[in-house]
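# Understanding the architecture of this molecule
So the chains spell out like this:
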Amino acid sequence: MKLTDSVIPRIVYWIRNIAPERLILALALANGILYLSLVPPWQHYDEPTHFEYAWLIASRGELPRPGDYDQDMRREVAASMIEHRFFRGLNFTPNLLSQDEPIWLGVSELEHPPFYYLLVAFPLKWISHSDLTFQLYIARSVSLLLYLLSIWLAGRVMAELLPQDHVLRWAVPGMMALLPAYTDLMTAVNNDVGAVVVFSLFLWGAVRMIGRGFSWPRLLWLILAAVLCLWTKNTVAIAVLLVPIVLVLTVFRGSRQRWAWLALGGWILGLLAALVE
């Protein structure tokens, strides 16, 4: 019996039944590490001030308030930005000797909800005495893990919607892993990373409840995910308003769903009228 007679069928079985999800996550990890390491420090959108939010939490052990800053930390970050040519072509560099006003790092992010920054702050508090550029890469690594989680969640959502052998069950997360702009964003220190993940978790719970029916654990999942959206970024806070819609699609089926939609529409109009007043 030839070796190929036993090895090749096993390889084919592995590729068809095991490989897709693992290969996609491995591809995403490799792609994410590439973006994490090749993009120069501080060069993502508003990355210095997103990092500042997490750093303040890690260093002080409490949530910062709008207007808070640490001048020594800002001076070190600004020096690192200059060192890595952040201001090339801008005809501007921050004044590192400033004493009476905060050294410029960009637009403050301290008005945002804190959940994503709490996640990033957790590893930073253990390396608080290390170089801030090194701390930035640790913070980016947290985003990298969330990026992998978002791709896995996308696969879970597709698994709820499609039969087992459908190509989109691996094509959608595979596309996400290969999309340059998505990978670039999801390996940055930016609360959009957290927003994508918590809303994906909410979407998975919503699809699961609509498809499988109502249960108290699924309702709890839905509510907790919506609360996390509210605590992460206002762009995904809409999840709170989507909870009643998910319940309507879950509880009311068939002809009863029409009347439920009318009642829900009246509730939304009444809510909008109250907000306008």
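All figures in this text were calculated on a predicted structure; none of them were measured in a lab. (Residues numbered from 1 in each chain as written. Predicted model: local features only at pLDDT ≥ 70, side-chain atom pairs only at ≥ 80, totals over all residues. Heavy atoms only, no water.)

Together, Phe214, Trp216, Val251 and Phe252 give the surface a local cluster of nonpolar side chains, amounting to about 410 Å² of exposed area. The partly exposed category is assigned to Phe214, whose relative accessible area is 36%. (Patch = residues over 30% accessible without salt bridge, like charges linked within 9 Å, V, L, I, M, F, W, Y side chains within 5 Å. Areas by Shrake-Rupley, 256 points an atom, 1.4 Å probe, with all protein chains shown as cover. Salt bridge = Lys/Arg side-chain N within 4 Å of Asp/Glu carboxyl O. Buried < 20%, exposed > 50% of the residue type's maximum accessible area, 1.4 Å probe, protein only.)

Grouped together as the largest cluster of nonpolar side chains are 46 residues, with contacts concentrated most on Phe51 and Tyr147. Of all the secondary structure elements, the ones that give two or more residues to this core are helix H2 (19-38), helix H3 (47-60), helix H4 (71-83), helix H5 (115-124), helix H6 (132-161), helix H7 (168-178), helix H8 (180-186) and helix H9 (191-212). Val198, Ala206, Met209 and Ala239 belong to the second-largest nonpolar core, a separate cluster that totals 14 residues. (Core = buried A, V, L, I, M, F, W, Y, C linked by side-chain atoms within 4.5 Å. Helix = DSSP H or I, 4+ residues; strand = E, 2+ residues; numbered from the N terminus.)

Here H9 spans 32 Å end to end across 22 residues, near enough to the 32 Å set by a 1.5 Å rise per residue. With a side-chain oxygen positioned 2.9 Å from the backbone nitrogen of Asp192, the residue opening H9 is Asn190. (Expected span 1.5 Å × (residues − 1). Polar contact = N/O pair within 3.5 Å; in protein donor to acceptor, adjacent residues only side chain to side chain.)

The subject of this paragraph is unusual backbone geometry. Residues other than glycine seldom take positive phi values, yet Asp46 does so here, at roughly 50°. Position of Asp46 relative to the elements: it lies in the loop between H2 and H3. Given a relative accessible area of 40%, Asp46 falls into the partly exposed group. Its identity as a non-glycine residue notwithstanding, Asn91 has a phi of 55°, on the positive side. Among the secondary structure elements, Asn91 is positioned in the loop between H4 and H5.

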